[in-house]
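Results of the structural survey
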Amino acid sequence: MRPLGLGWPNVLSIGRILLIPIVVLLIEAGHEEARWLAVLVFVIGALSDLLDGYLARRHSMTTSVGAWLDPLSDKLFVSVPAIALALRAEFPWWAAAVIVIREVAVSLLRWRLDRRGVSMPASRAGKAKTLSQVWAVGLSIAPLAPAFDPLVLAVVIAAVALTVLSGLEYLFTERHRVETR
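So, here is what we can say about the structure in this document. Please read these numbers as outputs of a predicted model, since none were measured by experiment.

Cut-offs used in this document
- Residues numbered from 1 in each chain as written.
- Predicted model: local features only at pLDDT ≥ 70, side-chain atom pairs only at ≥ 80, totals over all residues.
- Heavy atoms only, no water.
- Helix = DSSP H or I, 4+ residues; strand = E, 2+ residues; numbered from the N terminus.
- Buried < 20%, exposed > 50% of the residue type's maximum accessible area, 1.4 Å probe, protein only.
- Contact = heavy atoms within 4.5 Å.
- Core = buried A, V, L, I, M, F, W, Y, C linked by side-chain atoms within 4.5 Å.
- Expected span 1.5 Å × (residues − 1).
- Phe/Tyr/Trp six-rings, centres within 6.5 Å; stacked < 30°, edge-to-face > 60°.
- Lys NZ or Arg CZ within 6 Å of the ring centre and 35° of its normal.
- Polar contact = N/O pair within 3.5 Å; in protein donor to acceptor, adjacent residues only side chain to side chain.
- Axes fitted to C-alpha atoms, helices over the stretch in contact; angles between N-to-C directions.
- Left-handed = near helix turned anticlockwise from the far one by under 90°.
- Nonpolar A, V, L, I, M, F, W, Y, C, P; charged D, E, K, R; others polar.
- Salt bridge = Lys/Arg side-chain N within 4 Å of Asp/Glu carboxyl O.

**Let's talk about the overall build of the protein chain**
Secondary structure assignment for the protein chain yields 6 helices and 2 strands. What you see in the protein chain, going N to C, is helices and strands ordered as α-α-α-α-β-α-α-β. Across the 181 residues that make up the protein chain, the buried fraction comes to 44%. The contacts of the protein chain with a sequence gap of at least 6 include a subset with a gap of at least 24, amounting to 76%.

Here it is as structure tokens:
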């Protein structure tokens with residue numbers, strides 16, 4: 001079944017992109033209930049990433065559109081709330097900068113390789129990076145007591161470390177690149 005001619009995995013990726021302004025507006029609302037609602041919307045978006053990947057693989061619904069739409073939606077889904085939080089001084093600006101720079105660099109690399117007929121699927125390090133970023137941003141969205149600040153900072157630091165490591169892996173290794181032509 002291909003709703004809107006796109007397939008369910010691509011519809012879920014588009015849905016994840018459409019959730020981003022809702023998360024940001026809830027962050028900006030500034031009260032605790034809105035922040036918890038932002039966490040809920042963020043978790044739903046993160047779970048949709050798991051579901052779209054499962055559907056694409058399980059039902060052979062992979063498409064060329066999905067090959068760029070899914071990673072793009074993942075990158076936007078983490079980067080935009082991280083930037084919104086950093087602008088509110090609720091997420092380290094250096095962490096948001098590392099995340100955004102890495103995502104832009106890897107996206108440009110993917111685009112360049114795609115033009116040469118080379119696919120660059122997500123590596124294990126890339127998947128771990130995404131999971132750690134989701135945790136870091138999600139915990140930063142949550143209106144937790146100050147006692148949790150050291151834990152949140154530790155998760156953010158781990159996410160930044162995985163972001164850098166996976167970015168270096170994509171830039172300097174060939175093992176995850178697949179000829180498509």
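**Some remarks on the nonpolar core**
Counting residues in each nonpolar core, the largest one holds 33 residues, and the members touching the most others are Phe42, Phe91, Val137, Ile141 and Val156. Contributions of two or more residues to this core are made by helix H1 (8-29), helix H2 (32-58), helix H3 (64-87), helix H4 (93-115), helix H5 (124-141) and helix H6 (149-172). Excluding its chain neighbours within four sequence positions, the residues that come into contact with phenylalanine 42 are Val23, Phe77, Pro81, Val134, Val137, Gly138 and Ile141.

**Describing H5**
Look at H5: 26 Å from first C-alpha to last across 18 residues, which is about the 26 Å you get at 1.5 Å a residue. Buried within H5 we find Gly126, Lys129, Thr130, Ser132, Gln133, Val134, Ala136, Val137, Gly138, Leu139, Ser140 and Ile141.

**Topic: the packing of aromatic side chains**
Considering all chains together, one arrives at 1 aromatic pair under this definition. On the numbers, 4.7 Å between centres and 10 degrees between planes, the contact of phenylalanine 42 with phenylalanine 77 is stacked. Residue phenylalanine 42 is located in helix H2, and its partner phenylalanine 77 is located in helix H3; the two are separated by 35 residues in the primary sequence. This pair shows no difference in class: phenylalanine 42 is buried, exactly as phenylalanine 77 is. The cationic tip of arginine 110 hangs over the ring face of tyrosine 170; the distance from NZ or CZ to the ring centre is 5.4 Å.

**A look at the side chain of serine 48**
Structurally, serine 48 is set in helix H2. A polar side-chain atom of serine 48 sits 2.8 Å from a polar atom in the side chain of arginine 16. Ignoring sequence-local partners within four residues, the contact set of serine 48 consists of Leu12 and Arg16.

**Section: the environment of valine 41**
Locating valine 41 in the fold gives a position in helix H2. Placed 18 residues apart in sequence, valine 41 and valine 23 show a C-alpha to C-alpha distance of 6.5 Å.

**So, the packing of H4 against H5**
It is at 13 Å that the axes of H4 and H5 come closest, and there the two elements cross at 145 degrees. For H4 against H5, the interelement crossing comes out left-handed. Counted together, Ile99, Arg102 and Glu103 of H4 and Gly126, Lys129 and Gln133 of H5 form the full contact between these two elements. A per-class count over the contact of H4 with H5 returns 1 nonpolar, 2 polar and 3 charged.

**Describing the pattern of salt bridges**
The tally for this structure, following the rule as stated, stands at 7 salt bridges. The partner of glutamate 28 in a salt bridge is arginine 88, and the shortest N-O contact between them spans 3.4 Å. Here the residue glutamate 28 occupies a position in helix H1, and arginine 88 occupies one in the loop between H3 and H4, the gap between them amounting to 60 residues. As a salt-bridge pair, glutamate 103 and lysine 75 come within 3.1 Å of each other at their nearest N and O atoms. Here glutamate 103 is found in helix H4, whereas its partner lysine 75 is found in helix H3, with 28 residues between them in sequence. Under the relative-accessibility criterion, glutamate 103 is labelled buried at 4%.

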